[in-house]
Amino acid sequence: MKFTISSSDKIHKLIEIFKVIKNLSSHCTLYCKEDYIYIQTMDGSHVCLLDIKLMKDWFDVYEINECETVSFSSSIIVKILSLFIPKTKLVIQTTNKADYLNIELIYPDNIEKTFEIPLMDIDQEYLEPGENDYSMEFSMKTKVLDKYCNEMMLFGEVLQLKCVNDNIYMRSGDQVNGNYKVKIPHENLEEFSVEEDLKMSVKVDLKYLSFISKFYSVFKTINIKADSQFPMKFYVNESSCIVSKEDNDANGLQLTYFIAPKMEDDVEFSDEEEELD
């Protein structure tokens, strides 16, 4: 197999993806198919799941002799890609050395750096996320989500997302650090869709949310689906990407991220939350 990318924007996206994978798992597995590369990563506690598909047309060169699965250290590839600078070409391929993955960085001044990553024998089961009917869906700027996430982590480890009377609230805190709540105005949302008369609350670990919010450098907006019965779902699509003139086929990248909710006792809503606008 051989994959080549010359677009700096696409390589930047790939770098950010591998950073999230590194936060979730010590290894990464590529399922290389005829028309796409599929990556699925779950953290050790089975709290969150990252699901990625990179279509054949997303690459400059995509050569597959037969379907192949390769696994390698996620920390090593992040170290290698940290040496990337703009206008550098990235080549990833398997060679005659069956136990290694070969990575090349070809710089603008024609300097070539070559790396070999030992392949790992990983027995990983593929999970089918499935489709669920969520009570609420909205989109917001990824950088705004990251700002809220960073602020909330100063007060606690858990995000509580509430929806009452078409209003969205985010809350974190405890008896030691105090409590922080933000009401998100509709004008701060790119899109908003909710069931009629919905009163919903869901809690997720802020640590796992902070992993995906760091995508703000490559994805302008993020789509979020929430329901008290299902994992929170985050996904990006073509309109979410920060696209340059050289990179107008961002639909070749599909990314979805799930965070399992924490169990909640009976949820109370404050008078402020109950008020009608």
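What you see is a predicted model, and the numbers here were worked out from it, not measured in a lab.

Rules used in this analysis
Residues numbered from 1 in each chain as written. Predicted model: local features only at pLDDT ≥ 70, side-chain atom pairs only at ≥ 80, totals over all residues. Heavy atoms only, no water. Pairing = 2+ DSSP bridges. Helix = DSSP H or I, 4+ residues; strand = E, 2+ residues; numbered from the N terminus. Axes fitted to C-alpha atoms, helices over the stretch in contact; angles between N-to-C directions. Contact = heavy atoms within 4.5 Å. Phe/Tyr/Trp six-rings, centres within 6.5 Å; stacked < 30°, edge-to-face > 60°. Buried < 20%, exposed > 50% of the residue type's maximum accessible area, 1.4 Å probe, protein only. Core = buried A, V, L, I, M, F, W, Y, C linked by side-chain atoms within 4.5 Å. Parallel < 35°, antiparallel > 145°, perpendicular 65-115°, else oblique. Left-handed = near helix turned anticlockwise from the far one by under 90°.

## What about the sheet that holds strand S8 (residues 100–106)?
Part 1 of the reasoning: Read from one edge of the open sheet, five strands run S5-S1-S7-S8-S9, paired in antiparallel fashion. Strands at the two margins of the open sheet, each flanked by one partner only, are strand S5 (61–63) and strand S9 (112–118). In this sheet, adjacent strand axes meet at a mean angle of 15° when their direction is disregarded.
Part 2 of the reasoning: Note that strand S1 (residues 2–5) and strand S7 (residues 89–94) share four bridges and pair antiparallel. Paired with Lys2 across the two strands is Gln93, which belongs to S7.
Part 3 of the reasoning: Sheet contacts for helix H2 (residues 74–81): S7, S8 and S9; angle to S9, the most-contacted strand, approximately 175°.

## Description of the packing of aromatic side chains
Part 1 of the reasoning: Tallied over the entire structure, the rule returns eleven aromatic pairs.
Part 2 of the reasoning: Taking 5.2 Å as the distance between ring centres and 35° as the angle between the ring planes, the aromatic pair formed by Phe3 and Tyr62 counts as tilted. Taken together, the positions of Phe3 in strand S1 and Tyr62 in strand S5 put the pair 59 residues apart, joining distant regions of the chain.
Part 3 of the reasoning: With relative accessibility at 3%, the residue Phe3 sits in the buried group.
Part 4 of the reasoning: Each ring, one from Tyr31 and one from Tyr38, has its centre 6.1 Å from the other, and the planes form 40°; the classification is tilted. Here the two residues Tyr31 and Tyr38 agree in accessibility, since each one is buried.

## Quick notes on unusual backbone geometry
Part 1 of the reasoning: Within the chain, His46 stands out as a residue other than glycine whose phi angle is a positive 60°.
Part 2 of the reasoning: Counting through the fold element by element, His46 comes out in the loop between strand S3 (36–42) and strand S4 (48–55).
Part 3 of the reasoning: Since its relative accessible area comes to 58%, His46 is described here as exposed.
Part 4 of the reasoning: Notably, Asp166 is not glycine yet its phi reads approximately 65°, a positive angle.
Part 5 of the reasoning: As for its position among the elements, Asp166 is in the loop between strand S11 (158–164) and strand S12 (167–174).

## A few points about the side chain of Thr256
Part 1 of the reasoning: Mapped onto the secondary structure, Thr256 falls in strand S18 (residues 253–259).
Part 2 of the reasoning: On the basis of relative accessible area, Thr256 is assigned to the buried category, the value being 18%.
Part 3 of the reasoning: Setting aside chain neighbours within four positions, we find Thr256 in contact with Leu49, Leu50, Asp51, Lys233, Phe234 and Tyr235.

## Considering the sheet that holds strand S14 (residues 189–194)
Part 1 of the reasoning: Spatially, the nine strands line up as an open sheet ordered S6-S2-S3-S4-S18-S17-S16-S10-S14, and their pairing is antiparallel. The two strands at the open ends of the sheet, each matched to only one other strand, are strand S6 (68–73) and S14. Neighbour-to-neighbour, the strand axes of this sheet turn through a mean angle of 15°, independent of strand direction.
Part 2 of the reasoning: Pairing geometry for strand S10 (residues 136–141) and strand S16 (residues 221–226), over six bridges, is antiparallel. Each bridged residue has a counterpart across the sheet, and for Glu137 the counterpart in S16 is Lys225.
Part 3 of the reasoning: Contacts from helix H1 (residues 8–24) reach strand S2 (27–32), S3, S4, S6 and S18, with the element oriented near 150° to S4.
Part 4 of the reasoning: Its contacts with the sheet put H2 on S2 and S6, and the angle it makes with S6 is roughly 80°.

## Focus: the nonpolar core
As a rule of thumb, nonpolar side chains are buried together in soluble globular proteins.
Part 1 of the reasoning: Residues Met140, Met170 and Tyr257 are the most contacted members of the largest nonpolar core, which totals 76 residues.
Part 2 of the reasoning: With eight residues, the single largest contributor to this core is H1.

## Some remarks on the packing of H1 against H2
Packed helix pairs are specified by the crossing angle of their axes together with the interaxial distance, meaning the distance between the axes.
Part 1 of the reasoning: Contact geometry of H1 with H2 gives a least axis separation of 9 Å together with a crossing angle of 150°. Compared by their axis directions, H1 and H2 come out roughly antiparallel. Pair H1 / H2 crosses with left-handed handedness. Where H1 abuts H2, its residues Ile15, Phe18, Lys19, Ile21 and Lys22 lie against Ser74, Ser75, Ile77, Val78 and Leu81.

## Topic: the pairing of S4
Part 1 of the reasoning: Buried residues dominate S4, accounting for six of its eight residues.
Part 2 of the reasoning: Hairpin connection between S3 and S4: a loop of five residues separates the two successive antiparallel strands, and His46 in this loop has a positive phi of roughly 60°.
Part 3 of the reasoning: One ladder, built from seven bridges, connects S4 with S18; its direction is antiparallel. Bridged to Ile52 within S18 is Leu255.

## Overview of the environment of Ser7
Part 1 of the reasoning: Position of Ser7 relative to the elements: it lies in the loop between S1 and H1.
Part 2 of the reasoning: Here the alpha-carbon distance between Ser7 and Pro86, two residues 79 residues apart in the chain, equals 8.7 Å.

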